[in-house]
Amino acid sequence: MSLPEKIKLVEVGPRDGLQNESRSVPTAIKLEFIKCLSQTGLQVIETTSFVSKKKIPQLADHKELFQALDKNNNITYSALVPNMQGFITAKQVGVTEIAIFTAASESFTGHNINCSIAQSLQNYGSVISAAKAAHIRVRGYISCSLGCPYEGHIAPQKVVDIAEKLWALGCDEICLGDTIGIATANEAQLLVDAVKKKIPREHIALHFHDTYGQALANIYATLQQGITIFDCSVSGLGGCPYAPGATGNVASEDVVYMLNGLGIETGIDLDKLIVAGQYIDKFLQRNTGSKVTRALR
């Protein structure tokens, strides 16, 4: 299959990236960070999570942050919601796209949201219905789609079953997450082959962590299958509080550099993306996780 002419990148750094940082990031810094990202040409920026302040204190300012955003009308500023209470708050502050999350691993779901997979789907049914009634777009994450820190290998059919249920509940997009970053290109392709038999491929997104340095290879392999939506995180920010050993997400800068080289349109200014990564890295006092940025120093 030929490669797509155009793809959509979903920038998850402000949410998935910062939630795993031990250092607290002031709201003003987050706002400037998102402002920098908004100037790059990104179509979607996942800004925060409307989760319990005790659960993820790094994102405790979710309401204040979203209300203070200087929004670009050409960008979707999405947010994660764990339950109906989170959805209600997100709706009140004007969120137009939400993400809900379950996993393909019972153990991970128990650690992450304190319930079974079946219970999580039942709980999200009412959230999705409320979102659709309010004309709010819904993305469904399936964590540990390619491996679990507690259970190891995950059978593709298990992911397919959950994806089908999320789709039937009304999710507009299904995002398959390699939460611990262990997948190889062949494994990623096998999963996509299985899922796209049930879910239209234009509604499938992929979320790769880069623990074993395989994320770019996995993106390239699944581009060949016609996937056009990928998550990434500027400067490779990220990890997961409930996935021991998981490192950061694939760096947005590296993904854009690769796609530029393939002649695939992203609409993203790589130089401005590098600036955004350098801004947040400077505050966090960390070395960049982007190979492109390190090479250009």
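Residues numbered from 1 in each chain as written. Predicted model: local features only at pLDDT ≥ 70, side-chain atom pairs only at ≥ 80, totals over all residues. Heavy atoms only, no water.

Moving on, we come to the nonpolar core. Residues Leu9, Ile98, Ile100, Ile142, Leu176 and Val195 are the most contacted members of the largest nonpolar core, which totals 92 residues. No other element matches helix 11 (residues 270-284), which puts seven residues into this core. In this structure, Ile142 is in contact with Thr102, Ala103, Ala104, Val159, Ile162, Ala163, Leu166, Ile174, Cys175, Leu176 and Gly177, ignoring residues within four places of it in sequence. (Core = buried A, V, L, I, M, F, W, Y, C linked by side-chain atoms within 4.5 Å. Buried < 20%, exposed > 50% of the residue type's maximum accessible area, 1.4 Å probe, protein only. Helix = DSSP H or I, 4+ residues; strand = E, 2+ residues; numbered from the N terminus. Contact = heavy atoms within 4.5 Å.)

Moving on: the packing of helix 9 (residues 215-223) against helix 10 (residues 252-262). As a packed pair, helix 9 and helix 10 sit with axes 11 Å apart at the nearest point and diverge in direction by 40 degrees. It follows from the interaxial angle that helix 9 and helix 10 lie oblique. Helix-helix and strand crossings are classified by hand; for helix 9 and helix 10 the assignment is right-handed. Between helix 9 and helix 10, the residues in contact are Leu216, Ile219, Tyr220 and Leu223 and Asp254, Val255, Met258, Leu259 and Leu262, respectively. Here the residues of the contact of helix 9 with helix 10 are counted per class, giving eight nonpolar, no polar and one charged. (Axes fitted to C-alpha atoms, helices over the stretch in contact; angles between N-to-C directions. Parallel < 35°, antiparallel > 145°, perpendicular 65-115°, else oblique. Left-handed = near helix turned anticlockwise from the far one by under 90°. Nonpolar A, V, L, I, M, F, W, Y, C, P; charged D, E, K, R; others polar.)

Moving on, we come to the side chain of Asn249. With respect to the helices, strands and loops of the structure, Asn249 is situated in the loop between strand 8 (229-232) and helix 10. Only 3.1 Å separates the side chain of Asn249 from the side chain of Asp16, close enough to count as a polar contact. Within polar-contact distance, the side chain of Asn249 engages the backbone oxygen of Leu237 at 2.9 Å. In this view, Asn249 contacts Val12, Asp16, His207, Phe208, His209, Asp210, Ser233, Gly236, Leu237, Gly238 and Gly239; residues no more than four positions away in its chain are not counted. (Polar contact = N/O pair within 3.5 Å; in protein donor to acceptor, adjacent residues only side chain to side chain.)

Quick look at the packing of aromatic side chains now. What characterises a pair of aromatic rings is the spacing of the ring centres plus the angle enclosed by the ring planes. Within the structure shown, the criterion is met by one aromatic pair. With a centroid separation of 6.2 Å and an interplanar angle of 55 degrees, the aromatic rings of Phe101 and Tyr124 are classed as tilted. Placement of Phe101 in strand 4 (residues 97-103) and of Tyr124 in helix 6 (residues 117-133) is noted, with a sequence separation of 23 residues between them. No difference in accessibility class separates Phe101 from Tyr124, as the two residues are buried. Over the ring of Phe283 we find Arg23; its NZ or CZ atom is 4.3 Å from the centre of that ring. (Phe/Tyr/Trp six-rings, centres within 6.5 Å; stacked < 30°, edge-to-face > 60°. Lys NZ or Arg CZ within 6 Å of the ring centre and 35° of its normal.)

Take the pattern of salt bridges next. Within this structure, the stated rule accounts for eleven salt bridges. Between Arg15 and Asp16 there is a salt bridge, with the nearest N and O atoms lying 3.6 Å from each other. Asp172 is the partner of Lys132 in a salt bridge, and the nearest nitrogen-oxygen pair spans 2.8 Å. With a gap of 40 residues between them, Lys132 in helix 6 and Asp172 in the loop between helix 7 (156-169) and strand 6 (173-178) connect regions that are remote in the sequence. (Salt bridge = Lys/Arg side-chain N within 4 Å of Asp/Glu carboxyl O.)

A word on the layout of surface pockets. Estimates place the volume of the largest pocket at around 660 Å³. The wall of the largest pocket is formed by 36 residues, among which Ser49, Val51, Leu80, Pro82 and Phe101 lie closest to the centre. Mapped onto the lining of the largest pocket, the elements with two or more residues apiece are helix 1 (13-17), helix 4 (84-92), helix 5 (106-113), helix 6 and strand 5 (137-143). When its residues are assigned to classes, the lining of the largest pocket shows 14 nonpolar, 18 polar and four charged. (1 Å grid on protein atoms, 1.4 Å probe; cavity = no way out; pocket = protein on both sides within 12 Å on 5 of 7 lines; lining within 4 Å. Points joined across faces, edges and corners; volume = space filled by probe spheres on them.)

Burial along strand 8 is two-sided: Ile229 and Asp231 and Phe230 and Cys232, pointing in opposite directions, are all buried. In the sheet, strand 1 (residues 8-11) pairs with strand 8 via four bridges, with the strands oriented parallel. In the sheet register, Glu11 faces strand 8, and the bridge partner there is Cys232. Relative to strand 8, strand 7 (residues 204-208) runs parallel, the two being bridged by two bridges. The residue bridging Leu206 from the neighbouring strand is Phe230, located in strand 8. What joins strand 7 to strand 8 is helix 9, and the crossover it makes is right-handed. (Pairing = 2+ DSSP bridges. Right-handed = clockwise from strand over helix to strand, strands pointing away.)

A word on the sheet that holds strand 3 (residues 76-80). If you trace the eight strands once around the closed barrel, you get 1-2-3-4-5-6-7-8, paired in parallel fashion. Recorded for the sheet is a direction-independent mean angle of 25 degrees between the axes of neighbouring strands. Note that strand 2 (residues 44-49) and strand 3 share five bridges and pair parallel. The partner of Thr48 across the bridge, within strand 3, is Ala79. Against the sheet, helix 5 engages strand 4 and strand 5, with an angle of about 125 degrees to strand 4.

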